Amino acid sequence: MRQRIYVVSDSVGETCELVVRAAAIQFPERAIETVRIPFVDDDQVIYDLVLHAKEERATIVYTIVHAKHRHLLAETAKAHEVEAIDLLGPLLDTMEDRLGMQPKEEPGLIYRLDEEYFRKIEAVEFAVKYDDGRDPRGIKRADIVLIGVSRTSKTPLSQYLALKRYKVANVPLVPESVPPEELFDIPKEKCFGLLISPEKLIDIRMERLRSLGLKPEAAYAQIDRINRELDYAKKLYERIGCQIIDVTNKAVEETANLILTGISGKAHD
């Protein structure tokens with residue numbers, strides 16, 4: 001004996017089918033045949049579906065968030081003596097009662113959340129791949145490009161912005177190195193030059209040297225070297241025409257907000 005089950009949803013129906021398969025696996029192989037019917041949002045489709053199920057002695061299992069269609073399917077199935085199992089309705093009703101508020105009744109929200117999640121993961125992976133100028137090809141693919149001398153928070157900013165689903169590439173600036181040509185081929189609006197006061201940069205770099213067990217007297221943390229790097233960066237920013245942000249005493253979140261405002265023209269929380 002083989003039982004046909006119509007898996008019905010007003011979205012893609014993957015959640016409903018997963019539950020049905022979890023139950024079906026408890027029975028002999030091929031004892032259950034599932035037929036997925038997604039995007040059910042029409043009264044006539046519901047009527048036709050119930051009639052087909054009646055003819056085939058099939059069972060309907062459904063996850064429908066829209067109350068009108070959910071109730072119509074339940075009532076029509078009952079009238080035609082078709083077994084119909086509502087996986088989502090009772091839980092929605094309980095939540096509505098306990099919370100004292102109406103559900104959104106928007107099909108597919110879980111997949112939108114999944115899409116947002118995967119976009120975030122993709123952005124984080126992008127930030128890692130194109131961190132610290134590792135591959136200049138990422139400059140053209142990025143939503144945001146950060147440039148600056150060493151220790152101007154380029155990497156933390158890249159990761160923070162990635163969590164907001166922006167693909168970020170960052171490029172370190174060193175007077176002795178030629179900047180990537182790609183910096184001059186991208187829209188200047190998506191490029192941000194980071195500046196910092198020499199005094200603050202000295203403190204940060206000295207602390208960095210100490211953490212590495214190196215002597216703080218190294219040229220990396222000397223004022224002449226720092227001034228030279230910052231002068232070089234300023235001239236390059238002017239040449240590119242990019243937006244400039246002074247990160248001195250700014251938290252990563254504050255700088256990121258300025259960057260997002262710069263690319264959208266709107267303030268961000």
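Sequence positions are assigned chain by chain, starting from 1 and proceeding in written order. In keeping with the model being predicted, local features are shown solely for residues with a pLDDT of at least 70 and side-chain atom pairs are shown and tallied solely at 80 or more, while totals for entire chains, interfaces and linings include all residues. The basis for every side-chain value is the complete set of non-hydrogen atoms in the structure, without hydrogens or water.

> Quick question: what am I supposed to make of the overall build of the chain here?
The secondary structure listing takes helices from DSSP runs of H or I that are at least 4 residues long and strands from runs of E that are at least 2 residues long, numbered from the N terminus. If you tally the helices and strands in the chain, you get 10 helices and eight strands. A compact globule built from 269 residues should have a C-alpha radius of gyration of about 18 Å, whereas the chain, at 29 Å, is more than 25% larger. With the C-alpha coordinates of the chain rotated into their principal frame, the extents come out at 85 × 40 × 40 Å. Burial classes follow relative accessibility: with a 1.4 Å probe on protein chains only, a residue under 20% of its type's maximum area counts as buried, one over 50% as exposed, and anything between as partly exposed. By residue count, 36% of the 269 residues in the chain fall in the buried class. Sequence-distant contacts, at least 24 apart, represent 75% of the contacts inside the chain between residues at least 6 apart. Shrake-Rupley sampling with a 1.4 Å probe provides the accessible areas, and residues are treated as covered by the protein chains on show and by no other component. Surface exposure of the chain reaches about 16100 Å², of which carbon and sulfur atoms provide 52%. Put simply, the chain has 39 plus and 46 minus side-chain charges, and the middle of one group is 6 Å from the middle of the other. The atom set for the radius of gyration is the C-alpha atoms, and the globule formula is 2.2 Å times the number of residues raised to the power 0.38. Residues count as neighbours in contact if any of their non-hydrogen atoms are within 4.5 Å of one another. When charges are counted, Lys and Arg contribute as positive and Asp and Glu as negative, whereas His and the chain ends are disregarded. A charged residue contributes its charge at one atom only: NZ of Lys, CZ of Arg, CG of Asp or CD of Glu.

> When you look at the layout of surface pockets in this model, what are you seeing that I'm missing?
Gaps left between atoms show up when a probe the size of a water molecule is rolled over them. As defined here, a cavity is a set of points on a 1 Å grid over the protein atoms alone where a 1.4 Å probe fits but cannot get out. A pocket is an open set with protein on both sides within 12 Å along at least five of seven lines, and residues line them when an atom is within 4 Å of a point. Grid points are joined across faces, edges and corners, and a volume is the space filled by probe spheres set on the points. Within this model, the second largest pocket holds a volume of roughly 190 Å³. Residue lining of the second largest pocket: Asp131, Asp132, Ser150, Arg151, Thr152, Ser153, Lys154, Thr155, Pro156, Asn170 and Pro172, and that is the complete set. At the level of elements, helix H7 (154-162) and strand E6 (168-172) are the ones that each hand at least two residues to the lining of the second largest pocket. Considering each element in turn, the lining of the second largest pocket owes the most residues, three residues, to H7. Polarity classes work like this: nonpolar for Ala, Val, Leu, Ile, Met, Phe, Trp, Tyr, Cys and Pro, charged for Asp, Glu, Lys and Arg, and polar for all others, with Gly in that last group. Split into classes, the residues belonging to the lining of the second largest pocket amount to two nonpolar, five polar and four charged.

> Is there a simple way to think about the sheet that holds strand E5 (residues 144-148) in this case?
The strands making up a sheet associate through backbone hydrogen bonding, with each pair oriented either parallel or antiparallel. Each pair of strands is called paired provided DSSP finds at least two bridges between the two strands. Taken in spatial order, the four strands of this open sheet run E6-E5-E7-E8, and their pairing is parallel. Sheet topology places E6 and strand E8 (243-246) at the edges, where each strand pairs with a single neighbour. Between one strand and the next, the sheet's axes are offset by a mean angle of 25 degrees, whatever the strand orientation. Where strand E7 (residues 191-195) and E8 come together, four bridges link them in parallel fashion. For helices, the fitted axis covers only the stretch in contact; all axes are lines through C-alpha atoms, and the angles between them, taken along N-to-C directions, range from 0 to 180 degrees.

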